[in-house]
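# Notes for the structure review
This is what each chain is made of:
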Amino acid sequence: MKTSLKRRLTQGLAITLPGLVLAGALTGCATPPPKSDTADYQAYQQLNDPLEPTNRVFFKVNNKLDTYVMKPVAKGYVAITTQGIRNHVGDFASNIGEPARMLNFMAEGHPTDAGSAMVRFLVNSTIGIGGIFDPASAMGYPETDTDFGITLATWGVPPGPYLYLPAFGPSGVRDAMNYPVSWFATPMEAAPASGALTDFGYSETGIHLINTRAAYLQPIDQINATALDPYATFRSLYRQSRASEQKQVEQRDKRTWPNWYHQ
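Going along each chain's sequence as written, the residues are numbered from 1 onward. Totals for whole chains, interfaces and linings use every residue, but because this is a predicted model, local features are given only for residues with pLDDT of at least 70 and side-chain atom pairs only at 80 or more, for both listing and counting. Hydrogen atoms and water are omitted, and side-chain values are computed over all heavy atoms in the structure.

### Examining the pattern of salt bridges
By salt bridge we mean one thing: a side-chain nitrogen of Lys or Arg within 4 Å of a carboxyl oxygen of Asp or Glu. Under the defined criterion, the tally for this structure stands at 14 salt bridges. The salt bridge partner of Arg56 is Asp229, with a shortest N-O separation of 2.7 Å. Within this pair, whereas Arg56 is found in helix α3 (residues 52-80), its partner Asp229 is found in the loop between α13 (217-226) and α14 (230-252), the two being separated by 173 residues in sequence. Note on classification: 1.4 Å probe, protein chains only; a residue is buried when its accessible area is under 20% of the maximum for its type, exposed when over 50%, partly exposed between these limits. On the accessibility criterion, Arg56 (27% relative accessible area) is partly exposed. For the salt bridge of Arg213 with Asp66, the shortest nitrogen-to-oxygen distance reads 2.6 Å. A residue pair is termed long-range when its members are at least 10 positions apart, and Arg213 in helix α12 (residues 195-215) and Asp66 in helix α3 qualify at 147 residues. Asp66 shares its class with Arg213; the two are buried. Here the salt bridges share partners, and the residues they tie into one network are Asp49, Glu52, Arg56, Asp229 and Arg235. Helix and strand assignments come from DSSP, with helices taken as H or I runs of at least 4 residues and strands as E runs of at least 2, each series counted from the N terminus.

Structure below.
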């Protein structure tokens, strides 16, 4: 259930992403201290938010949408489902993201992880009945996560300014580029177009959003109730999470770059 809920909201992305990425690119960041000065550099990374006024506006808008739409729907969803059902929904959504993870692992030079993602998709799509079940994990192929934002990080692309995107939530200039890549790498995009497939895509996106929001009912409520500045807390948690994900990808597999790459 690690698949990000943000990658599925492509309708708003087509409008909001280009403008925000351009704004992030044109808005200068404060000059960072040298990485050798660990304490100052980490503090800079935590506080560097040149678009904070705009980000906070979107944060408030998202909070209103969540309070009056997503949270009530998620609570109702929890009331009529069991944890087992919600786990299967999460597994199904995660399986749809395996092809994108496979491509990103290949681009990162992580062949073992790429192979595991391919095996997971094949096994769970067949034996696992479309991904509703996860027999691949029991066979020794646990879920491993990555995305195009992490791929860009392994290529040396800096994170850029922090962004809080309408509907999408926490992100950054680099990480926002993951959304279209993840979408176009889904099996639905590769299949021939049809009305039934379109309806399925909308249905899958909706239930995945609700299922993911339901999984975070208590943590989000706790942050909103106890944090002195929820915006800053979510920003810090997002950055820590992304740094941890990148580190795990780097440590999990050995790269096998071709010989010409080192010449």
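### Points about the environment of Leu51
Structurally, Leu51 is set in the loop between α2 (38-47) and α3. Look at Leu51 and you get buried, because its relative accessible area is 11%. Along the chain, Leu51 and Leu163 lie 112 residues apart, while their C-alpha atoms are 7.1 Å from each other.

### Some details on the packing of α13 against α14
Running from amino to carboxyl end, α13 crosses α14 at an angle of 135°, the nearest separation of the two axes being 8 Å. In this view, α13 runs oblique relative to α14, as classed from their interaxial angle. Across from Ile220, Ile223 and Asn224 in α13, the residues of α14 making contact are Pro230, Thr233, Phe234 and Leu237. Class assignment of the residues belonging to the contact of α13 with α14 gives a composition of 5 nonpolar, 2 polar and no charged. Angles run from 0 to 180 degrees between N-to-C directions of axes, and those axes are lines fitted to C-alpha atoms, restricted for helices to the stretch in contact. In these notes the angle categories are as follows: under 35 degrees is roughly parallel, over 145 is roughly antiparallel, 65 to 115 is roughly perpendicular, and the rest is oblique. Contacts are residue-level and defined by heavy atoms, with any inter-residue pair within 4.5 Å sufficient. Gly is placed with the polar residues, together with every amino acid not listed as nonpolar (Ala, Val, Leu, Ile, Met, Phe, Trp, Tyr, Cys and Pro) or charged (Asp, Glu, Lys and Arg).

### Quick look at a nonpolar patch on the surface
Among the surface-exposed residues, Val57, Val61, Leu65, Tyr68, Val69 and Val73 lie close enough to one another that they form a single nonpolar patch of about 560 Å² accessible area. Judged by its relative accessible area of 42%, Val61 is partly exposed. Residues with no salt bridge and a relative accessible area higher than 30% make up the patches, which join like charges within 9 Å and nonpolar side chains (Val, Leu, Ile, Met, Phe, Trp, Tyr) within 5 Å. For the area figures, the Shrake-Rupley method with a 1.4 Å probe applies, and any residue is considered shielded solely by the protein chains shown.

### Some thoughts on the pairing of strand β2 (residues 169-172)
The sheet contact formed by strand β1 (residues 162-165) and β2 spans 4 bridges and is antiparallel. Bridge pairing in β2 places Tyr164 opposite Pro170. Two strands qualify as a pair provided that DSSP identifies no fewer than 2 bridges between them. Between β1 and β2, which pair antiparallel in sequence order, lie 3 residues; one of them, Ala167, sits at a positive phi of approximately 75°.

### A few points about α3
To estimate how far a helix should extend, the number of its residues minus one is multiplied by 1.5 Å. End to end, α3 covers 39 Å across 29 residues, agreeing with the expected 42 Å (1.5 Å per residue, within 8%). Take the seven residues that end at a residue and the seven that start at it, fit an axis to each, and the angle between those axes is the bend at that residue. Within α3, the axis deviates most sharply at Asp66, by approximately 50°.

### A look at unusual backbone geometry
We note that Ile129 has phi near 55°; this positive angle belongs to a residue other than glycine. Among the structural elements, Ile129 can be located in the loop between α6 (111-126) and α7 (135-138).

### Looking at the nonpolar core
Joining through side-chain atoms within 4.5 Å is the link that ties buried Ala, Val, Leu, Ile, Met, Phe, Trp, Tyr and Cys residues into a set, and such a set is a nonpolar core. Within the largest apolar cluster, 8 residues are counted, these being Phe59, Tyr162, Tyr164, Ile223, Ala227, Tyr231, Phe234 and Tyr238. Within the residue set of this core, elements represented by two or more residues are β1 and α14. Tallying contributions element by element places α14 first for this core, with 3 residues. The contacts of Ile223, once residues within four sequence positions are left out, are Pro230, Thr233, Phe234 and Leu237. The next biggest cluster of nonpolar side chains, apart from the first, holds 7 residues, and it includes Leu163, Leu165, Val173 and Ala176.

### Notes on the packing of aromatic side chains
The geometry of an aromatic ring pair is captured by the separation of the ring centres together with the interplanar angle, meaning the angle of the planes. Under the pairing criterion, centres of Phe, Tyr and Trp rings, with the six-membered ring standing for Trp, must be within 6.5 Å; the plane angle then separates stacked pairs below 30 degrees from edge-to-face pairs above 60, leaving the rest tilted. For the structure on display, the rule yields 8 aromatic pairs. Judged by centre distance (6.1 Å) and plane angle (90°), the rings of Phe92 and Phe200 are edge-to-face. You can see Phe92 sitting in helix α4 (residues 83-96) and its partner Phe200 sitting in helix α12, a full 108 residues away along the chain. Measuring from ring centre to ring centre gives 4.8 Å for Phe168 and Tyr179, while their planes differ by 15°; the resulting arrangement is stacked. Of the two residues, Phe168 sits in the loop between β1 and β2 while Tyr179 sits in helix α10 (residues 178-184), which places them 11 residues apart along the sequence.

### Brief notes about the packing of helix α5 (residues 98-108) against α6
Each pair of packed helices can be described by the angle between their axes along with the distance between the axes. Packing of α5 against α6 brings their axes to within 8 Å, and their N-to-C directions diverge by 165°. As far as their axial angle goes, α6 and α5 are roughly antiparallel. With respect to the hand of their crossing, α5 and α6 are arranged in left-handed fashion. For the pair formed by α5 and α6, the contact residues are Glu98, Pro99, Arg101, Met102, Phe105 and Met106 on the first element and Asp113, Ala114, Ala117, Met118, Arg120 and Phe121 on the second. Taken together, the residues of the contact of α5 with α6 sort by class into 8 nonpolar, no polar and 4 charged. Note on convention: near helix rotated counterclockwise from far helix by under a right angle means a left-handed crossing. Clockwise means right-handed.

That is the geometry; function is a separate question.
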